[in-house]
Amino acid sequence: MSKSVNSGINPFEVALTQLDEVSNMIGLDNGLHQFLAQPKRVLTISIPVKMDDGTIKVFTGFRSQHNDALGPFKGGIRYHPQVTIEEVKALSMWMTWKCAIANIPYGGGKGGIICDPKSMSEGELERMTRRYAYGISDIIGPYKDIPAPDVYTGGREMAWIMDTFSVIKGNYIQPEVITGKPVQIGGSLGRNEATGRGLAITVREAAKKLNIDMKNASVVVQGFGNAGQFAAQLVEEQGAKIIAASDSKGCIINKNGIDTASLRKHKVKNGSVTNFQGSQPISNKELLETECTILIPAALENQITKENAGKITAKIVAEAANGPTTPEADKILFSNKVLVIPDILANGGGVTVSYFEWLQNLRREYWTEAKVNDRLDTNITNAFLGVYDTHIKHNTNMRMASMIVALNRVVDAIKIRGFWP
Ligand code: NAD
């Protein structure tokens, strides 16, 4: 549901419009609506960094904490030149909904630094990250706010943040302050595959509801990256045939089926899915309109629009990417009876395994990959079924149904806790 840093749309306005729509649908009290329309706290910090050439450069960083009625704030930290406070606020609100849908005891948060990480050395990135961690250290913590990776941050940055926080807050190791860490310092097994795995679970459940036999299903994947690859591999394991895939360099099709393990090897070796043996090149437009049972957009936002939505033949669109379908396209797909599994439900596997990582860290107890995957399956299956029932009951699309589920859970928690002082 989130818009990319480059979309040009004010994401916070989009988030507020969605909140308005769902609040109207469930008849939400005006005061509670206003309360949820703003983050609880937004921190802006200046981050002075000594650059490699000896100069001091000052970056701006944010941490937005939207709502913590269900548990500590949770959400990633992104590094990008186009990070804005509005974007961070919107992303923190979407995290509140995503965690509530996944039914994990977290609220929503998000952070970011306006910077161009690709132009910075590792030393500069480390100094910037540690200074940012220091700047937000009073508002994050294992029971307060637990950050995670997002655009252009990963295990390396999470390790620096964990180390900085641990050193300045008592000088003992506190892995539970952050998730997405390398496994050697408390990261969870299964985290890399979690988003794709969660998506494949939602597809499996959707296929059961629509009486689709996965053995006869054909699948198109736009964006054979981290989320797309694992999603493709896991739906293939359910018996489906991957017939087309793409990345930023091009799109390929082979109606006889593409073996995902071989395609992954090909991409590692050649840097792209293009020129894969037995496949033919096609355009991105053709890829999205290819006749198939399941379409998995796993690359960019705004890919399914009012121009192409009517030509989508898939019975299920499972959104691994954030925000791949525009609101106009959503309406067209709904009237054409295409089941869209929305991003805030379909890609919730990532944050769910982040929650498992936190649980493991708190108990200093480490789970096998099988246990992680098993619990993920239970959580995501239940999340899917709850949203599916809501979509039938309210005769609305799965995106609105997800928001209804989320808002009801958050509002219930707020009401039960009450306001004090
Ligand atoms: P990634 O960078 O690993 O993969 C993205 C893929 O999309 C790459 O293969 C890239 O080549 C491809 N791509 C880029 N431009 C394209 C284009 N014009 N046409 C076709 N393909 C193109 O990123 P990822 O982590 O897999 O994330 C993909 C999407 O899933 C993003 O929207 C992200 O926000 C969302 N997501 C990912 C996770 C996660 O845990 N990885 C969690 C939640 C949401």
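Remember, it's a predicted structure, so these values are computed and weren't measured experimentally.

(A) Inspection of the overall build of the protein chain at higher detail. Helix and strand content of the protein chain: 14 helices and 12 strands. Its C-alpha atoms give the protein chain a radius of gyration of 21 Å, near enough to 22 Å, the size a compact globule of 421 residues would have. With the C-alpha coordinates aligned to their principal axes, the bounding extent of the protein chain is approximately 60 × 55 × 40 Å. The buried share of the protein chain, reckoned over its 421 residues, is 59%. Across the protein chain, the fraction of contacts at a sequence separation of at least 24, relative to all contacts at a separation of at least 6, is 69%. Distance between charge centroids for the protein chain: 2 Å, based on 47 positive and 42 negative side chains.

(B) Local environment of the nonpolar core. The biggest cluster of nonpolar side chains holds 69 residues, and the ones touching the most others in it are Leu 36, Trp 97, Ile 296 and Ile 341. Among the elements that make up this core, the one with the highest residue count is helix α14 (residues 398-417) (12 residues). Apart from the residues within four sequence positions on either side, Leu 36 is in contact with Leu 19, Leu 28, His 66, Asn 67, Met 93, Trp 97, Leu 407, Val 410, Val 411 and Ile 414. In this structure, Ile 45, Ile 140, Trp 160 and Met 162 belong to the second largest nonpolar core, which totals 24 residues.

(C) Region of the structure containing the environment of Arg 41. Mapped onto the secondary structure, Arg 41 falls in strand β1 (residues 41-50). Look past the residues within four positions of Arg 41 in its chain and what remains in contact with it is Arg 63, Ser 64, Gln 65 and Ile 139.

(D) Up close: a nonpolar patch on the surface. A contiguous nonpolar surface patch, about 280 Å² in accessible area, is contributed by Tyr 134, Val 167 and Ile 168. On the secondary structure map, Tyr 134 appears in helix α4 (residues 122-136). Using a relative accessible area of 49% as the deciding quantity, one classes Tyr 134 as partly exposed.

(E) Quick peek at the packing of helix α3 (residues 85-102) against α14. Between α3 and α14, the shortest axis-to-axis distance is 8 Å and the interhelical angle comes to 90°. One way to sum up the angle between α3 and α14 is to call them roughly perpendicular. Of the residues in α14, those touching α3 at Thr 96, Trp 97, Ala 100 and Ile 101 are Ser 402, Met 403, Ala 406, Leu 407, Arg 409 and Val 410. Across the contact of α3 with α14, the residue classes tally to 7 nonpolar, 2 polar and 1 charged.

(F) The arrangement of helix α5 (residues 155-168) in detail. With 14 residues, α5 ought to run about 20 Å at 1.5 Å a step, and its terminal C-alpha atoms sit 20 Å apart, in line with that. Turning to α5, its buried residues number three or more, namely Glu 157, Met 158, Ala 159, Trp 160, Ile 161, Met 162, Thr 164, Phe 165 and Ser 166. Where α5 ends, the next residue or the one after it, Gly 170, has phi of about 100°, a positive value.

(G) How the structure looks around the side chain of Arg 399. Tracing the chain through its elements places Arg 399 in helix α14. A relative accessible area of 11% places Arg 399 in the buried class.

(H) Here's a closer look at the pairing of strand β7 (residues 241-247). In terms of burial, β7 is a largely internal element, 6 of the 7 residues being buried. Where strand β6 (residues 218-222) and β7 come together, 5 bridges link them in parallel fashion. Its bridge partner being in β7, Gln 222 is matched across the sheet by Ser 246. The parallel pair β6 and β7, bridged by helix α7 (residues 226-237), forms a crossover whose chirality is right-handed. Here β7 pairs with strand β8 (residues 250-253) via 4 bridges, running antiparallel. Paired with Ser 246 across the two strands is Cys 251, which belongs to β8.

(I) Region of the structure containing the sheet that holds strand β3 (residues 73-80). Reading across the sheet, the 5 strands line up as β1-β2-β4-β3-β5 and stay open at both edges, with mixed pairing between neighbours. Strands with a single pairing partner mark the edges of an open sheet, and in this sheet they are β1 and β5 (145-149). Along the sheet, successive strands turn relative to each other by an average axial angle of 25°, direction set aside. Of the pairings in the sheet, the one linking β1 to strand β2 (residues 56-67) comprises 10 bridges and is antiparallel in character. When the sheet's bridge partners are listed, Pro 48 is paired in β2 with Val 58. Sheet contacts for α3: β1, β2, β3 and β4 (107-114); angle to β4, the most-contacted strand, approximately 150°.

Cut-offs and rules
Residues numbered from 1 in each chain as written. Predicted model: local features only at pLDDT ≥ 70, side-chain atom pairs only at ≥ 80, totals over all residues. Heavy atoms only, no water. Helix = DSSP H or I, 4+ residues; strand = E, 2+ residues; numbered from the N terminus. Rg over C-alpha atoms; globule rule 2.2 N^0.38 Å. Buried < 20%, exposed > 50% of the residue type's maximum accessible area, 1.4 Å probe, protein only. Contact = heavy atoms within 4.5 Å. Lys, Arg positive; Asp, Glu negative; His and termini not counted. Charge placed at Lys NZ, Arg CZ, Asp CG, Glu CD. Core = buried A, V, L, I, M, F, W, Y, C linked by side-chain atoms within 4.5 Å. Patch = residues over 30% accessible without salt bridge, like charges linked within 9 Å, V, L, I, M, F, W, Y side chains within 5 Å. Areas by Shrake-Rupley, 256 points an atom, 1.4 Å probe, with all protein chains shown as cover. Salt bridge = Lys/Arg side-chain N within 4 Å of Asp/Glu carboxyl O. Axes fitted to C-alpha atoms, helices over the stretch in contact; angles between N-to-C directions. Parallel < 35°, antiparallel > 145°, perpendicular 65-115°, else oblique. Nonpolar A, V, L, I, M, F, W, Y, C, P; charged D, E, K, R; others polar. Expected span 1.5 Å × (residues − 1). Pairing = 2+ DSSP bridges. Right-handed = clockwise from strand over helix to strand, strands pointing away.

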